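The primary structure of each chain is shown beneath.
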Amino acid sequence: MSENQEIPVEYDSQGLSIGVEAEDTAAPDVVIHDPFDPAKIDVQTRTMTVDLLLARLRRGVLDLAPDFQRHAGIWNEVNQSRLIESMLLRIPLPTLYAAESGEESWAVVDGIQRLTTIARFVDPAIIGESPLRLRGLEYLGYNGMLYTDLPGAMQTRIDETELIIHLIRAGTPEAVKFNIFARINTGGSPLTLQELRHALIPGPARDLLQTLAASPAFLSATQNSVRHERMADREMVLRFLAFRLTEPGRYPRGDLDTFLREAMKQLNKLDSAEIRRLTHEFVKAMVSAEAIFGEHAFRKRLPGQLRRQPINKALFEAESVNLAALTPRELIKLEENRDLVQAELALLMEDPKFQQAISVGTGDVEKVRRRFGVLQELFRKAAQ
């Protein structure tokens, strides 16, 4: 890496940088250890009316992950109104995709905004939204109307509109389920792995990731540079928590996605005391990282380089997790020796093996252990 080298970054669905370096997590020369068994893949196609889907929402067995829907950020009230107009005109709507997430619960992965719009129009109380008043219609004279203002025949037409749903059954192996949804384009943009985890693994972990990603400590340490639209900020938080729950030395065979999915499930089972401990450690790590590295925290930086690079997620987890493991006395010592720490880390950026560990195949076991181990040694020596 040279000082003038342009580092690739990740982008959202509208082509805007989300503030983090593009990452290659796949281990090189990937070998399929557990090939999918086609006999275990169970996908059903169902046709359901709007009325039946809203009934599932009322009973709490249809999960729309509303904050996931909001991150897509492309549906204004005119877009929503025209979806309703399409239904009134009997224009078929695109297929929905969902996964069974319990005995009878479904988690919607593709179609969240459509279903949210329909619920907001027909029965907004279900999702805690304000009523949708139609506007910007192109063909029908119902502008300004609520659902209750429509003629009875039009209300019935909405209620009886049929939607096609591809449902991944509970018996389908989780890895297959995630792979299927990873291949789906949502609004023309493939879902990120964290968006998939958020949609398919409901529970308290969702709220914890959102809270920590919005915390002043995280926002300050990252210079408010990580945009939340594609949940890159929540994935960074999850990676910290995952490696605090499972030491890097016990990281399993190089599959970062599976590791993070299991961490979300583990977080869902933690008691309040454990959540408080992890929250405290996270905030401590963020404050310390900013105190030691300033605006260059979690970013690649060569000796003498002034230009600030995008955040590197592999470096984020290795720096923050190692800082969280240190004692208050050690952290004070690191802050006192911040110039030395910065200089040593900058020298590491010239080491090809370390560069590889934070840039290419970052989910590989050896690379995970290398970046964590090297930074642990650096911090321990500087804290003596």
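Placed above this text is the structure.
The structure displayed is predicted, hence computed values, not measured ones.

Caption draft 1: Summary view of the pattern of salt bridges. A full pass over the atoms with the stated rule returns 24 salt bridges. Close ionic contact of Arg 277 with Glu 274 constitutes a salt bridge, the shortest N to O distance being 3.0 Å. Residue Arg 277 and its partner Glu 274 are both found in helix H12 (residues 272–293); the two are separated by 3 residues, about one turn of the helix. Between Glu 281 and Arg 277 there is a salt bridge whose closest N-O contact spans 3.0 Å. With a gap of 4 residues between them, Glu 281 and Arg 277 both fall in helix H12, about one helical turn apart. Its relative accessible area of 30% is what places Arg 277 among the partly exposed residues. In this structure, a network of salt bridges that share partners links the residues Glu 174, Arg 197, Glu 235, Arg 239, Asp 257, Arg 261, Glu 262, Lys 265, Lys 313, Glu 317 and Arg 371.

Caption draft 2: Geometry of the sheet that holds strand E5 (residues 96–100). Taken together, the 5 strands give an open sheet; going across it, the order is E3-E7-E5-E6-E4, and neighbouring strands pair in mixed fashion. The open sheet terminates on both sides in strands that have one partner only, identified here as strand E3 (43–49) and strand E4 (62–63). Helix H1 (residues 50–59) rests against E3, E4, strand E6 (106–110) and strand E7 (162–168) of the sheet, and its axis sits at about 105° to E3. The strands touched by helix H4 (residues 112–122) are E4, E5, E6 and E7; relative to E6, the strand with the most contacts, the crossing angle is about 115°.

Caption draft 3: View of the pairing of E7. The pairing of E3 with E7 spans 7 bridges and is antiparallel. Bridged to Met 48 within E7 is Leu 163. When E5 meets E7, the two strands line up parallel, connected through 4 bridges. Bridge pairing in E7 places Tyr 97 opposite His 166.

Caption draft 4: Spotlight on the nonpolar core. The biggest cluster of nonpolar side chains holds 73 residues, and the ones touching the most others in it are Leu 241, Met 286, Leu 323 and Leu 334. Ranked by the residues each element gives to this core, the list is headed by helix H10 (residues 232–245), at 9 residues. Not counting residues within four places of it along the chain, the set of residues in contact with Leu 241 comprises Leu 208, Leu 209, Leu 212, Leu 267 and Leu 278.

Caption draft 5: The arrangement of H10 in detail. With 14 residues, H10 extends 20 Å between its outermost C-alpha atoms, agreeing within 8% with the 20 Å of an ideal straight helix rising 1.5 Å per residue. Most of H10 is tucked away, with 13 of its 14 residues classed as buried.

Caption draft 6: A look at the side chain of Asp 159. With respect to the element layout, Asp 159 can be found in helix H5 (residues 152–159). Although buried, Asp 159 forms no salt bridge, and the nearest oppositely charged side chain, Arg 58, lies 7.3 Å from it. Non-local contacts of Asp 159, meaning those with residues more than four positions away in its chain, are made with Thr 49, Val 50, Asp 51, Val 122 and Tyr 147.

Caption draft 7: Highlighting the environment of Gln 356. Looking at the secondary structure, you find Gln 356 in helix H16 (residues 352–357). On a C-alpha basis, the gap between Gln 356 and Lys 367 in space is 7.5 Å, while along the polypeptide they are 11 residues apart.

Caption draft 8: Just the environment of Met 48, in detail. In this structure, Met 48 sits in strand E3. Among the residues examined, Met 48 registers a relative accessible area of 13% and is labelled buried. When the C-alpha atoms of Met 48 and Thr 161 are compared, they prove to be 8.2 Å apart, with 113 residues separating the residues in sequence. Excluding anything up to four places from it in sequence, Met 48 contacts Leu 53, Arg 56, Trp 106, Thr 161, Glu 162, Leu 163 and Ile 165.

Caption draft 9: Broad picture of the packing of H1 against H4. Put simply, H1 and H4 touch, their axes get as near as 11 Å, and they point 90° apart. Considering their axes alone, H1 and H4 lie roughly perpendicular with respect to each other. Note on element contacts: H4 touches H1 through Leu 115, Ile 118, Ala 119 and Val 122, opposite Val 50, Leu 53, Leu 54 and Leu 57. The class makeup of the residues in the contact of H1 with H4 is 8 nonpolar, no polar and no charged.

Caption draft 10: Inspection of the packing of aromatic side chains at higher detail. The final tally for this structure, using the stated rule, is 10 aromatic pairs. Centroid distance Phe 240 to Phe 282: 5.2 Å. Interplanar angle 75°. Geometry classified as edge-to-face. Within this pair, whereas Phe 240 is found in helix H10, its partner Phe 282 is found in helix H12, the two being separated by 42 residues in sequence. Pair check on accessibility: Phe 240 and Phe 282 agree, each one buried. Taken together, a centroid distance of 4.6 Å and an interplanar angle of 65° make the contact between Phe 298 and Phe 316 edge-to-face.

What counts and what doesn't
- All residue numbers here refer to positions counted from 1 along the written sequence of the relevant chain.
- Two thresholds apply to this predicted model, a pLDDT of at least 70 for residue-level local features and 80 or more for giving and counting side-chain atom pairs, whereas whole-chain, interface and lining totals are computed over all residues.
- Side-chain descriptors were evaluated using all non-hydrogen atoms of the structure, hydrogens and water having been removed beforehand.
- Any carboxyl oxygen of Asp or Glu that lies within 4 Å of a side-chain nitrogen of Lys or Arg is treated as forming a salt bridge with it.
- What counts as a helix is a DSSP run of H or I of at least four residues, what counts as a strand is a run of E of at least two, and both are numbered from the N terminus.
- Burial status follows relative accessibility: with a 1.4 Å probe on protein chains alone, a residue under 20% of its type maximum counts as buried, one over 50% as exposed, and anything between as partly exposed.
- Should DSSP find at least two bridges between two strands, the strands are taken to pair.
- Whether two residues touch is decided by their heavy atoms; if any such pair falls within 4.5 Å, the residues are in contact.
- Axis lines are fitted through C-alpha atoms, for helices just across the contact stretch, and the angle between N-to-C directions can take any value from 0 to 180 degrees.
- What we call a nonpolar core is a set of buried Ala, Val, Leu, Ile, Met, Phe, Trp, Tyr and Cys residues that are connected through their side-chain atoms within 4.5 Å.
- Here the expected length of a helix is defined as 1.5 Å per residue gap, with one fewer gap than residues.
- Charge assignment: positive for Lys and Arg, negative for Asp and Glu; neither His nor the chain ends contribute.
- Angles below 35 degrees are treated as roughly parallel, those above 145 as roughly antiparallel, those between 65 and 115 as roughly perpendicular, and all remaining angles as oblique.
- Put simply, Ala, Val, Leu, Ile, Met, Phe, Trp, Tyr, Cys and Pro go in the nonpolar bin, Asp, Glu, Lys and Arg in the charged bin, and everything else, Gly too, in the polar bin.
- Classification of ring pairs rests on two measures: the distance between centres of Phe, Tyr or Trp rings, Trp counted by its six-membered ring, which must be within 6.5 Å, and the angle between planes, read as stacked under 30 degrees, edge-to-face over 60 and tilted in between.

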